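Architecture at a glance
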Amino acid sequence: MTADNTKNANLRQLPREARRSSVDMLNSACFCLSLDGKALAHALDLELGQPGLAEMVRQRSPFLFAALPVFVATPQLHRMAQVMEAVESVVALPAYREQVLGAAPAIARLGARGPLGAFFGYDFHLSQGHLGLIEINTNAGGAMLNAVLARAQRACCAAVDSMVPTLASVIFFEQQIVAMFRHEWALAHETSCLSASTQALASIAIVDVAPQDQYLYPEFLLFQQLFERHGLRTVIADPAALEWRDGMLWHGDLAIDLVYNRLTDFYLEQPGSAALREAYLQHAVVLTPHPQAHALYADKRLLALFSDAARLQALGVPHATQQILLEHVPHTEVVDAGDAQRLWDARRSLFFKPVAGFGGRAAYRGDKLTKRVWHDILAGEYVAQAIVAPGERVIDDPRAAEAQRAPKAMKYDLRAYAYNGAVQWVAARMYQGQTTNFRTPGGGFAPVYSSPDASGRSVQACTGTAGADEAAHASYVFLLDESRGVHAVPHALYVALVRGEAKLDAMAGQTLRLAIWYVNLKDDAPDSVVNETYSLVGFDAQGRIDPAHAAIAAQKHATTLENAVWPTAAERGQIRELLFADAGTSDASPTAAKTGITESDCLHRSADSTG
């Protein structure tokens, strides 16, 4: 992050409306890489329990993870939750369930009580402050991938430090995933929806067609490892590999208690799903998510109901709930051949989706339609949805303008993973083209950062947009060593360390406390402290920052001594002395003579760095 406005000339080229808010500014002008490639590889291999997953992702899914975060204002995240609550309240209405399930296949009427359905995904577009729920999925992929992605996020300045997910939040999310599946199992027994024994959940099958060929197969491996770490024997299987015999569902010699359903055969109609279908009909297995969940939430025709005031009124939906849905669910209608000319004439403002579609397949923007495709839409089962523009995230660095090329903008949507109506995690998917595709360089799953400072004061450090009349800010970094005191670290060196581009031989094998002070500058010198953050940082035997070692150390200290990372009064005095006694540089670090650590103390940045 830089305060050099000349490097952000491309920001000034963006239209005025793209700079209306601090979040828009961050998405168009903050180019700091949040993804630590080495930490990601380590997390992937660690989660799998053996080397190989990171290499598999590189070979099979090179655009699975984006290098930059997407910034979303906290009120918008709250609004997303309100929209989800509104949907849940409508689905709970007896009149709604009777109407929807009455028109669904018979298998969707099985299990009126019992399991709720794991990993719903509410997908939103957010652009210039307008939020739209574009669809709901009941077997949303990517949750475990985003948990691993969160383990590899690094803040390169204090301005975004509070936005980066903590290790504790990631661990809690993973624990909640396991708890969710155990809860599905418990619900099946509590409501007598399961005829098998009432013993504790012991085995899980992750089921999809030809799972090893699926783009998100690495995630199946992550889920398998997560479940097995919690004592649940887990297999990954094609539905055709399952057998129905002796009143139970089997995979080889393993009796299956619960199926984590990743199939897009939503009503188990394909021949390969025959054994699973029979086990489900006979109440011999817990299936999550299940056909009823798809019928109640994910059929695209439901979006027409959620965006129709008359139908909501007829169902008895409260006025306040109606308003939330009508404001945030784009107007949708079922395509009828009788309306062909009207819809064709209005096609440029519409997006066409198959009612049972998934993953953006066979979905079309109206302005891209050919006559041939239009005839296919009229002959099939489609909905027409008013277009809500996706958000944009600029990913080129500020030197794009200097090279006389336009900044590269990616589209993004937001996915809220949910269970029982509650948000579990929010992620973004960056892409180019009509729909999310994980095929675009620079795209993929991206973390969502939300600034706690609605005023936008923290934006300047990221974007370098402080004007002449505005206060400049800088981050100062210190390592606290109980035996040798406080060591100031040049900010450039700290960034190189975080990115794995440098090492500190003197700190090899140690776990130190890390202090970052974010200060106002006056005449390029520290003037006043804005805030202070403290954490633990571990160095491996070579003197490189070890994310796994640091995380473990932080967790251990947090459970043994409250506020163990905080400095003593003497240490804070040393930091203040270093900061204000001689801080005449504009490099956001005290002079080398005062620090005791200089860039010459570390290796030169490696040429193969992924930072």
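Residues numbered from 1 in each chain as written. Predicted model: local features only at pLDDT ≥ 70, side-chain atom pairs only at ≥ 80, totals over all residues. Heavy atoms only, no water.

This part is about the overall build of the protein. Secondary structure assignment for the protein yields 23 helices and 22 strands. For the protein, long-range pairs separated by at least 24 residues make up 71% of all intrachain contacts whose partners lie at least 6 apart in sequence. Total accessible area computed for the protein in this model is approximately 26200 Å², and 51% of it derives from carbon and sulfur atoms. (Helix = DSSP H or I, 4+ residues; strand = E, 2+ residues; numbered from the N terminus. Contact = heavy atoms within 4.5 Å. Areas by Shrake-Rupley, 256 points an atom, 1.4 Å probe, with all protein chains shown as cover.)

In terms of burial, strand 18 (residues 444-449) is a largely internal element, six of the six residues being buried. Pairing between strand 1 (residues 70-71) and strand 18: two bridges, direction parallel. Each bridged residue has a counterpart across the sheet, and for F71 the counterpart in strand 18 is Y449. As judged from the four bridges shared by strand 17 (residues 422-431) and strand 18, these two strands associate in the antiparallel manner. Opposite R429, over in strand 18, you have F445 as the bridge partner. (Buried < 20%, exposed > 50% of the residue type's maximum accessible area, 1.4 Å probe, protein only. Pairing = 2+ DSSP bridges.)

As a packed pair, helix 3 (residues 37-48) and helix 7 (residues 143-150) sit with axes 8 Å apart at the nearest point and diverge in direction by 130°. Between helix 3 and helix 7, the angle falls in the class oblique. In terms of crossing hand, the pair formed by helix 3 and helix 7 is right-handed. Between helix 3 and helix 7, the residues in contact are L40, A43, L44 and E47 and M144, V148 and L149, respectively. Here the contact of helix 3 with helix 7 is composed, by residue class, of six nonpolar, no polar and one charged. (Axes fitted to C-alpha atoms, helices over the stretch in contact; angles between N-to-C directions. Parallel < 35°, antiparallel > 145°, perpendicular 65-115°, else oblique. Left-handed = near helix turned anticlockwise from the far one by under 90°. Nonpolar A, V, L, I, M, F, W, Y, C, P; charged D, E, K, R; others polar.)

When we look at a pair of aromatic rings, we describe it by the centre distance and by the angle of the planes. Taken as a whole, this structure holds 17 aromatic pairs when the rule is applied. Ring geometry for Y217 versus F220: centroids 6.4 Å apart, planes at 85°, classification edge-to-face. Remark: F220 and Y217 occur in helix 10 (residues 217-229); sequence separation between them is three residues, near one turn of the helix. Members of the aromatic cluster, each reached through a chain of ring pairs, are F119, F181, F223, F227, Y260 and Y417. Of note, R245 hangs over the ring of W250, and the distance from its end group to the ring centre comes to 4.5 Å. Positioned above the aromatic ring of W344, the side-chain terminus of R347 is 3.8 Å from the ring centre. (Phe/Tyr/Trp six-rings, centres within 6.5 Å; stacked < 30°, edge-to-face > 60°. Lys NZ or Arg CZ within 6 Å of the ring centre and 35° of its normal.)

Right, let's get into the sheet that holds strand 13 (residues 364-365). Adjacent strands of a sheet pair through backbone hydrogen bonds, lying either parallel or antiparallel. Strand order in the open sheet formed by four strands is 11-14-12-13, and the pairing between neighbours is antiparallel. For this open sheet the edge positions go to strand 11 (332-334) and strand 13, each flanked by a neighbour on one side alone. One ladder, built from five bridges, connects strand 12 (residues 350-354) with strand 14 (residues 382-386); its direction is antiparallel. Bridged to P354 within strand 14 is Y382.

Let us look at helix 7. The buried fraction of helix 7 is high, at eight of eight residues. Listed in full, the buried residues belonging to helix 7 are A143, M144, L145, N146, A147, V148, L149 and A150. Of the surrounding elements, those touching the buried residues of helix 7 are helix 3, helix 9 (167-190), helix 10, strand 16 (409-419), strand 17 and strand 18.

Glancing now at the nonpolar core. Judged by nonpolar contacts, the single largest core of 68 residues is most densely connected at Y96, Y122 and F306. Of all the elements, helix 5 (residues 74-91) adds the most residues to this core, at seven residues. With residues near it in sequence (within four places) discarded, Y122 still touches M84, V87, E88, L133, E135, I136, Y297, L414, R415, A416 and A418. Counting residues in hydrophobic clusters, the runner-up holds 55 residues, among them L64, A150, I177 and I236. (Core = buried A, V, L, I, M, F, W, Y, C linked by side-chain atoms within 4.5 Å.)

Structurally, N146 is set in helix 7. Its relative accessible area of 2% is what places N146 among the buried residues. From its side chain, N146 meets the backbone oxygen of G142 in a polar contact 2.8 Å long. With residues up to four places along the chain from it excluded, the contact list for N146 reads Y417, W425, A427, F445 and A446. (Polar contact = N/O pair within 3.5 Å; in protein donor to acceptor, adjacent residues only side chain to side chain.)

Turning to unusual backbone geometry, a few remarks are in order. Cis geometry marks the peptide bond from T288 to P289; its omega dihedral reads -5°. Within the fold, P289 resides in the loop between strand 10 (286-288) and helix 12 (291-298). The backbone of F119 shows a phi angle near 55°, a positive value even though the residue is not glycine. Considering the arrangement of structural elements, one finds F119 in the loop between helix 6 (94-102) and strand 2 (120-127). Residue classification places F119 among the buried positions, given a relative accessible area of 0%. For A210, which is not glycine, the phi dihedral falls at a positive 40°. Relative to the helices and strands, A210 resides in the loop between strand 4 (203-207) and helix 10.

Within the open sheet, the three strands sit side by side as 6-7-8. Their pairing is antiparallel. Edge positions in the open sheet fall to strand 6 (243-245) and strand 8 (254-255), since each of these has one partner strand only. Helix-sheet contacts for helix 11 (residues 274-281) involve strand 6 and strand 7 (248-251), and the interaxial angle to strand 6 is about 45°.

This part covers the pattern of salt bridges. For the coordinates displayed, the defined rule picks out 18 salt bridges. Where R154 meets D36, a salt bridge forms, and the shortest distance between an N and an O atom there is 3.9 Å. Remark: D36 occurs in the loop between helix 2 (22-29) and helix 3 and R154 occurs in the loop between helix 7 and helix 8 (158-161); sequence separation between them is 118 residues. In this structure, D299 engages R301 in a salt bridge whose closest nitrogen and oxygen atoms are separated by 2.8 Å. Residue D299 is classed as buried on the basis of its relative accessible area of 12%. Overall, the relative accessible area of 33% leaves R301 in the partly exposed class. Sharing partners across several salt bridges, the network here consists of D123, D413, R415 and R429. (Salt bridge = Lys/Arg side-chain N within 4 Å of Asp/Glu carboxyl O.)

As a further point, take the environment of A418. Relative to the assigned elements, A418 resides in strand 16. Taking the relative accessible area as the measure of exposure, A418 reaches 2% and is therefore buried. Sequence separation between A418 and A81 is 337 residues; the distance between their C-alpha atoms is 9.5 Å. Residues within four places of A418 in sequence aside, it is in contact with M84, F119, F120, Y122, V423 and Q424.

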